[in-house]
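Observations on the three-dimensional arrangement
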Amino acid sequence: MEQSEPRIDYGIYEVFVQKSHGDFHIHVGSVAAPSPDLALQTARENFLRRDRAVNLWIVPRKHVYATPYDDPDFFARETDRKYREVGGYTENGRLWRMFKEKALHLEDIVRSLRDLEGNQKPTE
Amino acid sequence: MQVKHAEQAQTNPRYKAAVRDLLLQLADDELCIGHRDSEWLGLAPDIEEDVAFSSIAQDEVGHAAFYLNLLRDLDGEDPDAAAFFRKSRDRRNAVLAERLNGDWAETIVRRYFYDVFDEIRTEALRESSYVPLARGVAKIRREERYHLMHFQLWFTRLSAAGGEARERMNRAVEGLWPEVKGCFSLGGWERQLVASAVISLDSNEMERRWLNRMKPVFAQAGLQWPGPLPMVNQDGRCGAHSSHLEELLQTMGEVVRQDPAARW
Amino acid sequence: MGDASRFERFMERLHRGEKIEATDWMPDEYRQLLLKLIHMHAVSEIMGALPEKEWVPKAPTLKRKLAIMAKVQDEMGHGQLLLRVAEDLAAPLGKTREDLVTDVITGRVKFHNVFHMEAPTWADAGVIGWLVDGAAIINQAALLDTSYGPYARVLKRICAEESFHMQHGENIILALARGTEEQRAMLQDAVNRWWESLLFFFGPVEVTDAARRMIEYKIRTKTNEELRQQFFNKYVPRIRSLGLTIPDPELRYDEQEKRWIYTQPDWKKFGEIVRENKGPKSRERIALRRFAHMDQRWVRAALARYSEPEFVG
């Protein structure tokens, strides 16, 4: 009797949570569900019982294309790439000191812009 | 008229008595249905739904606790005592909410019927003259939105699936239909509640809106429309209940009754 | 590539501390050991919800009612996470969620001894949260470094939630420990009832072939006895600090051997309970799972049919 019944095939949906508008969607796991709308609803409780979020994606697993794990060379970065990193330019600090100036970093600019906003608020 | 806080309500005994009764209706509905929902823990038809359903059960018990806290502010009654020790004749929930779960179809039908009703009722409380209630209801409505979405999906999908599922859904509708009208009752204080704008709709209007909401959903789901809502045998809002409530209260109080004075 | 060289490469990856993923090639033995472990873990969470669930409708305050609902819900949630991992391991063997849950009912998968036992009082609900979860947390925390990536990831999430469970269980038993004579007696009874089951929970002292293979595959890194000793370290002093006794006159810490000496649980009895579902509550709880899964198959069939219109008959 059991065998003669057709198999029940729930789909597998990968679940992505966006915690805030400042964040991208992050993969957190998967649910088995009979349809995408139920997958969205059960994903909320299976993954967001405690955490806050602003958005939720579910993606049928069969629509996810992935690199193989067993080909780590796909991600190989062997030669020196300091030229494209902040750390490749540590000498700037020393060079600026020759001109009696300090090195300028992006963070300094962001901070001073934020301070500026903060200072303006009371005058609004 | 606006009654901004409990102290102000206490100056008007009739107003206070009416609000008290309504708070019990709200709390008892949510407590009973949340309790029944929690009986599904570990037993839902799939694991993901088990988890989702439990969140809804928790929301409902949480709402009951919220309403009982408003009651404490109003007349000093301890929320746990009110939840665990009140006799069934002092309970104000609709009989629909206390009934045994039955099968999954009956569970879904009851939940959906109740959630549509609760949506209409809380809508009618958004501008309540009792401001603490209006404020709380605004928050509660945000949580109820997911419940309604969830059960509307279940209700229509199980019905539309045909076969055994639709048969069970039709049976569940038939079984629950006689209890639906009991939800709309506002009990002995209806006139006072409506006249002092604690609630903006009377029981007839809530019923009318519920039927209007439900008819197209039945059509969409392919379910038979069972006709007008019959009068109920027991009006839970006046303290008349089925044996299911007595059994529920026995279970719920089993531990705390071992020593009501102890801290648990 | 031949299986031998594949195997060698696989073992090299393990020794380099790499994680294995579901889509990677893996030796059949590795898959089978993992599947057995994770399947049992998943099913134990789901069956483990049942003894505590008995106390959900009876929780003595509104706060306790909400908390125990949330706690049992988490157990089901852990079952969900673990089943998903097991399903992906079982997929190449042609098995799905339906089969993995059915295996509980047919007895093809076992669940932990503790979940075959009775929980007759509210104190049992507390002791399950406190000591059974305590033991489970030690077990699960020890698996965080497992070589199987998907398992490691869900364990991280599970352990984070277990930290709430620890507080929840402790809060219940602390209330009882500070309560009336009757409440304290109820708590002591529950500790007496659970002690032997707790010792068995960690598994046999000797390292079985399967356990040895799991350690070689870095699926687990600690032996049963190491974990049981951890449990003693953490919990014996706490149980005693509450003025409770432990029902084992032999229990003591041996300073020379640097380990706890204890009376062995009845290995034969508990072995039978787990293998043959012969515990006092085994049948009843399996019947509940049968109801949830088999008797409500119509629900899943109805939904699955809806989402695949081409199958509408």
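On a predicted model such as this, the values are computed, not experimentally measured, just so you know.

1. Re the pairing of strand E1 (residues 11-18) of chain A
Residue and element names in this part refer to chain A. Of all eight residues in E1, six are buried; the element is thus mostly enclosed. Looking at chain direction, E1 and strand E2 (residues 26-33) are connected through seven bridges and run antiparallel. The partner of valine 15 across the bridge, within E2, is glycine 29. With six bridges joining them, E1 and strand E3 (residues 55-60) adopt antiparallel strand pairing. Bridge pairing in E3 links glutamate 14 to valine 59.

2. Describing the environment of C:Glu75
All names here are of chain C. Checked against the element boundaries, glutamate 75 lands in helix H3 (residues 62-90). Overall, glutamate 75 belongs to the buried group, its relative accessible area being 5%. The spacing of glutamate 75 and isoleucine 158 is 83 residues in sequence and 9.0 Å in space, taken between C-alpha atoms. In this structure, glutamate 75 is in contact with Glu45, Ala49, Glu52, Asp133, Glu162 and His165, ignoring residues within four places of it in sequence.

3. Some points on the interface of chain A and chain B
With twelve residues of chain A in contact, the opposing surface of chain B contributes twelve residues. Overall, the association of chain A and chain B removes approximately 1100 Å² of surface from exposure, summing both partners, and the carbon and sulfur fraction of that is 55%. One can count one salt bridge joining chain A with chain B. With a shortest N-O distance of 2.8 Å, B:Arg157 and A:Asp37 are connected by a salt bridge.

4. A few points about the sheet that holds E1(A)
The strands that make up a sheet pair up through hydrogen bonds in the backbone, lying either parallel or antiparallel. All names here are of chain A. Pairing in this open sheet of three strands is antiparallel, and the strands run E2-E1-E3 from one edge to the other. Edge strands, defined here as strands with exactly one partner in the open sheet, are E2 and E3. Each adjacent strand pair in this sheet contributes to an overall mean axis angle of 30°, direction not counted.

5. Quick look at the packing of H3(C) against helix H4 (residues 97-106) of chain C
Residues and elements named next belong to chain C. Remark: H3 packs on H4, axes separated minimally by 9 Å, with the N-to-C direction vectors making an angle of 110°. Between H3 and H4, the crossing angle belongs to the class labelled roughly perpendicular. In terms of crossing hand, the pair formed by H3 and H4 is right-handed. Facing H3, whose interface residues are Gln80, Leu83, Arg84, Ala86, Glu87 and Ala90, H4 presents Arg97, Leu100 and Val101. Taken together, the residues that form the contact of H3 with H4 break down as five nonpolar, one polar and three charged.

6. Description of unusual backbone geometry
Not every positive phi belongs to a glycine, and A:Lys100 is a case in point at roughly 60°. Along the chain, A:Lys100 falls in the loop between helix H2 (91-98) and helix H3 (106-120). Exposure remark for A:Lys100: the relative accessible area of 77% places this residue in the exposed category. Backbone geometry places C:Lys258, a non-glycine residue, at a positive phi of 55°.

7. Describing the side chain of B:Glu106
Tracing the chain through its elements places B:Glu106 in helix H6 (residues 104-123). Once residues lying within four places of it in the same chain are set aside, the contact partners of B:Glu106 are B:Arg99, B:Leu100, B:Asn101, B:Ala172 and B:Leu176.

8. Let's talk about the domain arrangement of chain A
Each assigned domain of chain A is listed here: domain 1 (11-63) and domain 2 (72-123). Placing a centre on the C-alpha atoms of domain 1 of chain A and another on those of domain 2 of chain A gives a separation of 36 Å.

9. Quick look at the interface of chain B and chain C
One frequent convention defines the size of an interface as the accessible area lost when the parts assemble. Residue-level contacts link 50 residues of chain B with 42 residues of chain C. Together, B:Leu41, B:Ile47 and B:Trp264 form the three largest contributors to the area buried by chain B at its contact with chain C, with a combined 19%. B:Glu48 is paired through a salt bridge with C:Arg97; the nearest N and O atoms lie 2.8 Å apart. Summed over the shared surface of chain B and chain C, the result is 15 residue pairs in polar contact (both at pLDDT 80 or more). Listing elements by their share of the side of chain B that touches chain C, those giving two or more residues are helix H2 (13-38), helix H3 (47-75), helix H4 (79-85), H6, helix H7 (131-160), helix H8 (163-184) and helix H11 (243-252) of chain B. Looking at the side of chain B that touches chain C, its residues break down into 27 nonpolar, eleven polar and twelve charged.

10. Structural notes on empty space enclosed by the protein
All told, the structure shown has two cavities of 30 Å³ or more when counted by the stated rule. Considering only enclosed or pocket space, the largest cavity measures out at about 50 Å³ in volume. Taken together, C:Pro204, C:Val205, C:Glu206, C:Val207, C:Thr208, C:Ala211, C:Ile215, C:Arg220, C:Thr223, C:Asn224 and C:Glu225 form the lining of the largest cavity. Secondary structure elements with two or more residues in the lining of the largest cavity: helix H8 (209-216) and helix H9 (224-241) of chain C. By residue class, the composition of the lining of the largest cavity is five nonpolar, three polar and three charged. Taken as a whole, the second largest cavity encloses approximately 30 Å³ of empty space. As for the second largest cavity, its lining consists of A:Tyr10, A:Ala32, A:Ala33, A:Pro34, A:Leu38, A:Thr42, B:Asp46, B:Glu48, B:Glu49 and B:Trp154. Contributing elements (two or more residues each) for the lining of the second largest cavity: E2 and helix H1 (36-47) of chain A together with H3 of chain B. Within the lining of the second largest cavity, the residues separate by chemical class into six nonpolar, one polar and three charged.

11. With respect to the state of the cysteines
Residue and element names in this part refer to chain B. Across all of its chains, the model carries zero disulfides over all chains by this definition. Left unpaired, cysteine 32 is separated from the closest cysteine sulfur, that of cysteine 183, by 12 Å. We classify cysteine 32 as buried; its relative accessible area is 4%. Residue cysteine 238 stays outside any disulfide, its sulfur separated by 14 Å from that of cysteine 183, the closest cysteine. Using a relative accessible area of 48% as the deciding quantity, one classes cysteine 238 as partly exposed.

12. Concerning a nonpolar patch on the surface
Nonpolar side chains collect at one region of the surface, where A:Leu104, A:Leu106, A:Ile109, A:Val110, A:Leu113 and A:Leu116 lie side by side and expose about 570 Å² of accessible area between them. Of the residues examined, A:Leu113 reaches a relative accessible area of 48% and is grouped as partly exposed.

13. Quick word on H2(B)
Here H2(B) is 26 residues long and its end C-alpha atoms lie 37 Å apart, about the 38 Å a rise of 1.5 Å per residue gives. Along H2(B), 21 of the 26 residues are buried, which leaves the element largely enclosed by surrounding structure.

14. Focus on the pattern of salt bridges
One pass over the full model with this rule turns up 65 salt bridges over all chains. Across the pair C:Lys71 and C:Asp133 runs a salt bridge whose closest N-O atoms are separated by 2.9 Å. With C:Lys71 in helix H3 and C:Asp133 in helix H5 (residues 122-142), this residue pair connects regions lying 62 residues apart in the sequence. Both residues of the pair, C:Lys71 and C:Asp133, count as buried. A salt bridge links C:Arg212 to C:Asp209; the nearest nitrogen and oxygen atoms lie 3.7 Å apart. One end of the pair is C:Arg212 and the other is C:Asp209, both in helix H8 and three residues apart, which spans about a single turn. Under the relative-accessibility criterion, C:Arg212 is labelled partly exposed at 37%. Put simply, A:Glu14, A:Arg61, B:Glu48, C:Arg84, C:Glu87, C:Asp88 and C:Arg97 are held in one network by salt bridges that share partners.

Rules used throughout
Residues numbered from 1 in each chain as written. Chains lettered and ligands numbered in written order. Predicted model: local features only at pLDDT ≥ 70, side-chain atom pairs only at ≥ 80, totals over all residues. Heavy atoms only, no water. Buried < 20%, exposed > 50% of the residue type's maximum accessible area, 1.4 Å probe, protein only. Helix = DSSP H or I, 4+ residues; strand = E, 2+ residues; numbered from the N terminus. Pairing = 2+ DSSP bridges. Contact = heavy atoms within 4.5 Å. Buried area = accessible area lost by both parts, 1.4 Å probe. Salt bridge = Lys/Arg side-chain N within 4 Å of Asp/Glu carboxyl O. Axes fitted to C-alpha atoms, helices over the stretch in contact; angles between N-to-C directions. Parallel < 35°, antiparallel > 145°, perpendicular 65-115°, else oblique. Left-handed = near helix turned anticlockwise from the far one by under 90°. Nonpolar A, V, L, I, M, F, W, Y, C, P; charged D, E, K, R; others polar. Domains from an automatic or database assignment. Polar contact = N/O pair within 3.5 Å; in protein donor to acceptor, adjacent residues only side chain to side chain. 1 Å grid on protein atoms, 1.4 Å probe; cavity = no way out; pocket = protein on both sides within 12 Å on 5 of 7 lines; lining within 4 Å. Points joined across faces, edges and corners; volume = space filled by probe spheres on them. Disulfide = S-S within 2.5 Å. Patch = residues over 30% accessible without salt bridge, like charges linked within 9 Å, V, L, I, M, F, W, Y side chains within 5 Å. Areas by Shrake-Rupley, 256 points an atom, 1.4 Å probe, with all protein chains shown as cover. Expected span 1.5 Å × (residues − 1).

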